[in-house]
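Per-entry structural report
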Amino acid sequence: MTAPAVRRIEAVAKTLLSTYGSPPAAERRPLLDVLIETVLSQNTSDRNSHRAYRALRRRFPRWELVLASPRRSVAAAIASGGLANIKAARIKALLSGFRRRFGRPTLEPLRHLPAEDAYRYLLSLAGVGPKTAACTLLFGRGTPIFPVDTHIARISQRLGWAEPGETPAAFQERFRRLVPDRLVYSLHINLIAHGRAVCHPRGPACPGCCIRRYCQWQKGESDS
Ligand code: SF4
């Protein structure tokens, strides 16, 4: 993507800010809480994953209790989030790795690492992909690394930001270096809001779309 493309990103971010407003700052929370909540959000809806996370914390108020419990109890607690057995095993393995590395199940030492080192460390963990790693640092530490979720991947394809066939992971790696730091948080939140409200997976509401003038997909539709 070129300098003019960066200017287009800024223009889209500005338009979305006027449409959806400036999102409230993320509440400061332990990094481990944010990571586990993001792991639970994989392959399910926000509603189901929030329900699963709340149930997990009610059943196991401390992460040590998850470590001390059998996988099936953890899976039962997060059943509403889907893929419960896989996610329970993943969460237990992550907690166990953090205990080995940091002496207890915590990710707080990552607050003291340079952003790129913290990101690379998270990416090295089984079950943690680019979106999960970036969300953990953006929401848990305020580090401006842009996460690409399913809504953002779809809109980016339509806008022509992502190359045809480019995976969300590959796109994130390229795109995160282009979004100015000051726009990362609001652009991430507002693109998701736009994906939910207007740029639906099927039948996007293009006629009333605030970023229509920047969209290649919409131009293709009106040319055809
Ligand atoms: S014009 Fe249509 S396809 Fe393009 S971003 Fe807006 S809603 Fe999505």
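Residues numbered from 1 in each chain as written. Predicted model: local features only at pLDDT ≥ 70, side-chain atom pairs only at ≥ 80, totals over all residues.

1. So, the packing of helix H2 (residues 31–40) against helix H6 (residues 84–102)
Here is the rule: To obtain an axis, a line is fitted to C-alpha atoms, over the contacting stretch when the element is a helix, and the angle between two such axes runs from 0 to 180 degrees between their N-to-C directions. A run of DSSP states H or I qualifies as a helix once it reaches four residues; a run of E qualifies as a strand once it reaches two. Both are numbered from the N-terminal end. Angle categories: roughly parallel below 35 degrees, roughly antiparallel above 145, roughly perpendicular from 65 to 115, and oblique for all the rest. Should the near helix be turned anticlockwise from the far one by less than a right angle, the crossing is left-handed, and should it be turned clockwise, the crossing is right-handed. Any pair of residues counts as being in contact when their C-beta atoms, constructed from backbone geometry, are within 7 Å of one another. Basically, the charged four are Asp, Glu, Lys and Arg, the nonpolar ten are Ala, Val, Leu, Ile, Met, Phe, Trp, Tyr, Cys and Pro, and anything else, Gly included, counts as polar.
At a minimum axis distance of 10 Å, the contact between H2 and H6 shows a crossing angle of 160°. One element, H2, and the other, H6, form an angle in the roughly antiparallel class. The handedness of the crossing between H2 and H6 comes out as right-handed. Contacts between H2 and H6 involve Leu32, Ile36, Val39 and Leu40 on the former and, on the latter, Lys87, Arg90, Ile91 and Phe98. Classifying every residue of the contact of H2 with H6 by side-chain character gives six nonpolar, no polar and two charged.

2. Quick look at the nonpolar core
The condition is simple: Residues enter a nonpolar core if they are buried, belong to Ala, Val, Leu, Ile, Met, Phe, Trp, Tyr or Cys, and are joined to the set through C-beta atoms within 7 Å. Whether a residue is buried, exposed or partly exposed is read from the other C-beta atoms within 10 Å of its own C-beta, which are placed from the backbone; 20 or more gives buried, 12 or fewer gives exposed, and intermediate counts give partly exposed. By convention here, the domain bounds are inherited from an automatic or database domain assignment.
Leu32, Leu35, Ile78, Ile91, Ala134, Leu137 and Leu138 are the most contacted members of the largest nonpolar core, which has 51 residues in total. Here this core spans two domains, and each of domain 1 (3–24 + 147–223) and domain 2 (31–141) adds at least three residues to it.

3. Quick word on the site of the ligand
Inclusion rule: Each residue gets a C-beta atom placed from its backbone. If that atom is within 6 Å of a molecule or strand, the residue is near it.
Close to the ligand lie 14 residues; Cys199, Cys206, Cys209, Cys215 and Gln218 are nearest. Going through the elements one at a time, helix H9 (150–159) and helix H12 (216–223) are the ones with two or more residues in the shell around the ligand. Residue contributions to the shell around the ligand peak at three residues, all from H9. A class-by-class count of the residues in the shell around the ligand yields 11 nonpolar, one polar and two charged.

4. Concerning H6
To keep things clear, this is the line we draw: The span expected for a helix works out to 1.5 Å for each residue beyond the first. By construction, the arc corresponds to the directions joining the helix axis to the C-beta atoms.
Compared with an ideal rise of 1.5 Å per residue, which puts 19 residues at 27 Å, H6 spans 26 Å between its outermost C-alpha atoms and is within 8% of the ideal. Inspection of H6 places Lys87, Ala88, Ile91, Leu94, Leu95 and Phe98 among the buried residues, and these make up the whole buried set. Viewed along the axis of H6, the buried residues span an arc of 130°, placing them on a single side of the element. In H6, the exposed positions angled more than 90 degrees off the buried face are occupied by Arg100 and Arg101.

5. Brief notes about the domain arrangement of the protein
Partitioning the protein into domains gives domain 1 (3–24 + 147–223) and domain 2 (31–141). A straight line from the C-alpha centre of domain 1 to that of domain 2 covers 27 Å. Domain 1 puts 11 residues into the contact, and the matching count from domain 2 is six residues. When contributions to the side of domain 1 that touches domain 2 are tallied by element, the ones reaching two or more residues are helix H10 (168–175) and helix H11 (181–197). Examining the composition of the side of domain 1 that touches domain 2, we find that four residues originate from one element, H10, more than from any other.

6. Some words on helix H8 (residues 130–141)
For H8, with 12 residues, the first-to-last C-alpha span of 16 Å sits near the 16 Å given by 1.5 Å per residue. Within H8, the full set of buried residues consists of Pro130, Lys131, Thr132, Ala133, Ala134, Cys135, Thr136, Leu137, Leu138, Phe139, Gly140 and Arg141. Residues of H8 that are buried make contact with H2, helix H7 (115–123), H10 and H11. Looking one or two places after H8, you find Gly142, whose phi comes out positive at around 75°.

7. What to know about the environment of His188
Relative to the helices and strands, His188 is located in helix H11. A tally of 25 C-beta atoms within 10 Å means that His188 is categorised as buried. As a C-alpha pair, His188 and Pro147 span 41 residues in sequence and 7.0 Å in three-dimensional space. Apart from the residues within four sequence positions on either side, His188 is in contact with Leu138, Phe146 and Pro147.

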